[in-house]
Every structure is written in C-alpha cells, then in structure tokens.
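Here's the letter readout for the chains.
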Amino acid sequence: MIDIHCHALYGVDDGAKNLEESLAMLRDAAAQGIQALILTPHLRHGMFPYPKERILRNFETLKPKAEAMGLALYLGCEHHASSRMTKELAERDCFSLAGGDYVLAEFSFEDAFSVLYAKVRELLSCGYLPVIAHGERYGCLQKDPKGCQELAAAGAYIQLNADSILGLAGKAEEKLSRKLVKKGWAHLVASDAHGAERRANHLQECRTAVAGKYGEETAYRLFLENPRKIIT
C-alpha cells in the first residue's frame, strides 16, 4: 500500500506533535504493510501556515529513520484552495505531491460545486493534476454524488479517507465514500492520519474491508495502483 495523504511530519501543523509521535506513526504504518507515505502538511491561510524551512528540516530528520523501517517518505502539501494556490505552487512556496504534477487540493466543506470545479480547471490549465482531498466530506458532493464523476471527467482524482469508508467519521461520509467506491468514481484511499492514537492510520483495516466487499481488483486500484502513479 501507498499512503498519499498523511500528517506524520512532526511540529508543522495539527498532525504529529513531536519526533516521537512521528516515529510511532511510521512504525504503525510499516506494521500495516504500507511501503511509502507522502507527508502532506496543511497550508491554509489564516489557519495553517506552511513553514517550508522547518518542514524540510524535519523531513530530512525523519527520512532516514523511515528508511530504516522499510518506508519510503515523500513530501507534499494539503493545500486549501485559494486565489494564491497556483502562484504558490509555481514559486515552490509549497510542495506538490512527491515533487510531481499531482496536487492535493482541499476545500471548505460548505463550498459550492462550482468552486471545486473551477479550481480543478484552473490547476489543469496550469499543468497540475488535482487530487481532491477527502472528497466524501464536502456537502455539495454528499448532496449530488455525480459531481465526483464530473470532476473525474474533467481530470481530477478523488481521494477518500479510510476512516470514512470504515464508518469512523460520520454517516454521511460513510454513505458517500462507499457509493463512490461501488460506482468506481473514487481513485485513491488514504489514511489522512493525524496522530499515533487520535485520528490514527487505519489503511490496512480499510483495504481488507474494501477487498472483502468490492473485490481485490478494486482494492488494488485504490490502495496501490493509482497511488503509485503519484510517486513515480
């Protein structure tokens, strides 16, 4: 498995608080059979700054420790969509996923579908490949799941959180995420883990559940095949 959305980088957002918690999260990931993780600190103006120098410094501290556990680490950013988004990406004020063309885009839960669609089109026009973070959490898509199909047709990837599929994040999230897996409108499942205990990583449990209910081919696509495209 490859986890493309994870907050295991310590001391930079609301994820791991310190190096010890980061290491605990990495040990847990390795025990689950995860082979690679993209660490995605938040960037949301007015809420989460993106301290690039500290992010790089802490990443370089963590990377060899992860490699000793058999884990490959990559950097990214969970970028809350704003008018500055493409400029910040172009000027490398923040990181795309694993340094490639994919960008993890987060939106406000109350945003209209038109906001999501417009940002997807903007990112594509600038040469980026948008990945919609935890697509099951947005009210507009809960109201009209076919919006996910429309976003995918435009060129976006839809990422779901493992906890949502497992029913650990609310009924609306569970209902939509399961529908998107069943319909084939989702592309990736990630942990969105924030801690060693709170909002922990349940990727292996989710993969087992998905394989049991929707088939091994679906599980392979969501947990390895499509995530691997992002890191290669």
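Predicted model only: the values in this text are computed from it and were never measured.

Participant: It is not clear to me how the overall build of the protein should be interpreted in this structure. Could you clarify?
Facilitator: Along its length, the protein carries ten helices and nine strands. Its C-alpha atoms give the protein a radius of gyration of 16 Å, within 12% of the compact-globule value 17 Å for 232 residues. Along the first, second and third principal axes, the C-alpha atoms of the protein reach 45 × 40 × 30 Å. The 232 residues of the protein split such that 55% are buried. Counting only carbon and sulfur atoms, one obtains 50% of the accessible surface of the protein, whose full area is about 9,900 Å².

Participant: Please explain the nonpolar core as it appears in this structure.
Facilitator: Generally speaking, soluble globular proteins have nonpolar side chains that are buried together. In terms of nonpolar packing, the biggest core is built from 78 residues, with Leu 37, Val 131, Val 189 and Phe 223 touching the most fellow members. Considering every element that reaches this core, the biggest residue donor is helix H10 (residues 216-231), with six residues. Non-local contacts of Phe 223, meaning those with residues more than four positions away in its chain, are made with Met 1, Ile 2, Val 189, Leu 203, Cys 206, Arg 207 and Val 210.

Participant: I tried to follow the pairing of strand E1 (residues 2-6) on my own but got confused; where do I start?
Facilitator: Every regular strand shows the same layout, with side chains that alternate between the two sheet faces. Of all the five residues making up E1, five are buried; the element is thus mostly covered by neighbouring parts of the structure. As judged from the three bridges shared by E1 and strand E2 (residues 36-39), these two strands associate in the parallel manner. Within E2, the position partnered with Asp 3 by the bridge is Leu 37. In this fold, E1 hands off to helix H1 (residues 19-32), which returns the chain to E2; that crossover is right-handed.

Participant: Sorry if this is basic, but what is going on with the packing of aromatic side chains here?
Facilitator: The relative placement of two aromatic rings is captured by the distance of their centres and the angle of their planes. Throughout the structure, instances matching the rule amount to five aromatic pairs. Here the aromatic rings of Tyr 102 and Tyr 157 are separated by 5.7 Å at their centres, their planes lie at 45 degrees, and the arrangement is tilted. Of the two residues, Tyr 102 is situated in strand E6 (residues 102-106) and Tyr 157 in strand E8 (residues 157-161); the sequence distance between them amounts to 55 residues. Take Tyr 157: its relative accessible area is 15%, and that puts it in the buried class. One aromatic cluster is present, built from ring pairs that chain together Phe 107, Phe 109 and Tyr 138.

Participant: Explanation requested: the environment of Val 181 in the structure shown.
Facilitator: For Val 181, the position within the fold is in helix H8 (residues 171-183). Given the relative accessible area of 4%, Val 181 is considered buried. In sequence terms Val 181 and Phe 59 are 122 residues apart; their C-alpha atoms lie 32 Å from each other.

Participant: Looking at this structure, I do not really get the side chain of Asp 111. What am I missing?
Facilitator: Relative to the elements of secondary structure, Asp 111 occurs in the loop between E6 and helix H4 (113-125). Although buried, Asp 111 forms no salt bridge, and the nearest oppositely charged side chain, Arg 44, lies 7.5 Å from it. Not counting residues up to four positions away in its chain, the partners in contact with Asp 111 are Leu 116 and Cys 140.

Participant: Even after reading the chapter, I still don't get a positive patch on the surface, so can you show me in this structure?
Facilitator: Judged by side-chain charge, Lys 146, Lys 175, Lys 179, Lys 182, Lys 183 and Lys 213 come together as a positively charged surface patch. With four residues, the top contributor of residues to the positive patch is H8. Looking at the secondary structure, you find Lys 175 in helix H8.

Participant: In this structure, what is going on with the side chain of Ser 191? I would like to understand it.
Facilitator: With respect to the secondary-structure elements, Ser 191 resides in the loop between strand E9 (188-190) and helix H9 (203-214). Judged by relative accessible area, Ser 191 falls into the buried class, the value being 3%. Only 3.5 Å separates the side chain of Ser 191 from the backbone oxygen of His 5, close enough to count as a polar contact. Residues contacting Ser 191, with those up to four places away along its chain left out, are Asp 3, His 5, Cys 6, Asn 201 and Leu 203.

Participant: Even after reading the chapter, I still don't get unusual backbone geometry, so can you show me in this structure?
Facilitator: Note on backbone geometry: most residues besides glycine have negative phi, and most peptide bonds are trans. Of note, Ala 98 is a non-glycine position whose phi angle comes to about 55 degrees, a positive value. Examined against the element boundaries, Ala 98 turns out to sit in the loop between helix H3 (85-90) and E6. Relative accessible area serves as the criterion here: at 27%, Ala 98 is assigned to the partly exposed category. If you check the backbone angles, Asp 192 has positive phi at about 50 degrees while not being a glycine.

Rules used throughout
All chains use their own residue numbering, which begins from 1 and follows the written sequence. Only residues with pLDDT of 70 or above have their local features reported here, since the model is predicted, and side-chain atom pairs are shown and tallied only from 80 upward, although totals for entire chains, interfaces and linings are computed over all residues. Excluded from the side-chain calculation are hydrogens and water; included are all heavy atoms of the structure. Runs of H or I in DSSP of at least four residues are treated as helices and runs of E of at least two as strands, each being numbered from the N terminus. C-alpha atoms define the radius of gyration in this analysis, and the globule rule sets the expected value at 2.2 Å times the number of residues to the power 0.38. Between buried and exposed lies partly exposed: a residue is buried under 20% and exposed over 50% of the maximum accessible area for its type, with that area taken using a 1.4 Å probe on protein chains only. Note on areas: Shrake-Rupley, 1.4 Å probe, and residue coverage restricted to the protein chains presented here. Nonpolar cores were defined as sets of buried Ala, Val, Leu, Ile, Met, Phe, Trp, Tyr and Cys residues, with membership established by side-chain atoms within 4.5 Å. Every residue pair with non-hydrogen atoms within 4.5 Å of one another is taken to be in contact. Strand pairing requires that DSSP identify at least two bridges connecting the strands. Place the viewer so that the strands point away; then a crossover is right-handed whenever the path from the first strand over the helix to the second strand goes clockwise. Aromatic rings from Phe, Tyr and Trp, taking only the six-membered ring of Trp, are treated as a pair when their centres fall within 6.5 Å; an angle between ring planes under 30 degrees marks them as stacked, one over 60 as edge-to-face, and anything in between as tilted. In this tally, Lys and Arg are treated as positive and Asp and Glu as negative; His is ignored, and so are the chain termini. In the sections that follow, a salt bridge refers to a side-chain nitrogen of Lys or Arg positioned within 4 Å of a carboxyl oxygen of Asp or Glu. Here, patches come from residues exposed beyond 30% relative accessible area and free of salt bridges, joined within 9 Å for like charges and within 5 Å for nonpolar side chains (Val, Leu, Ile, Met, Phe, Trp, Tyr). Just so you know, the charge point we use is NZ for Lys, CZ for Arg, CG for Asp and CD for Glu. Nitrogen and oxygen atoms within 3.5 Å of one another constitute a polar contact, given that in protein one can donate a hydrogen and the other can accept it, and given that sequence-neighbouring residues count only through two side-chain atoms.

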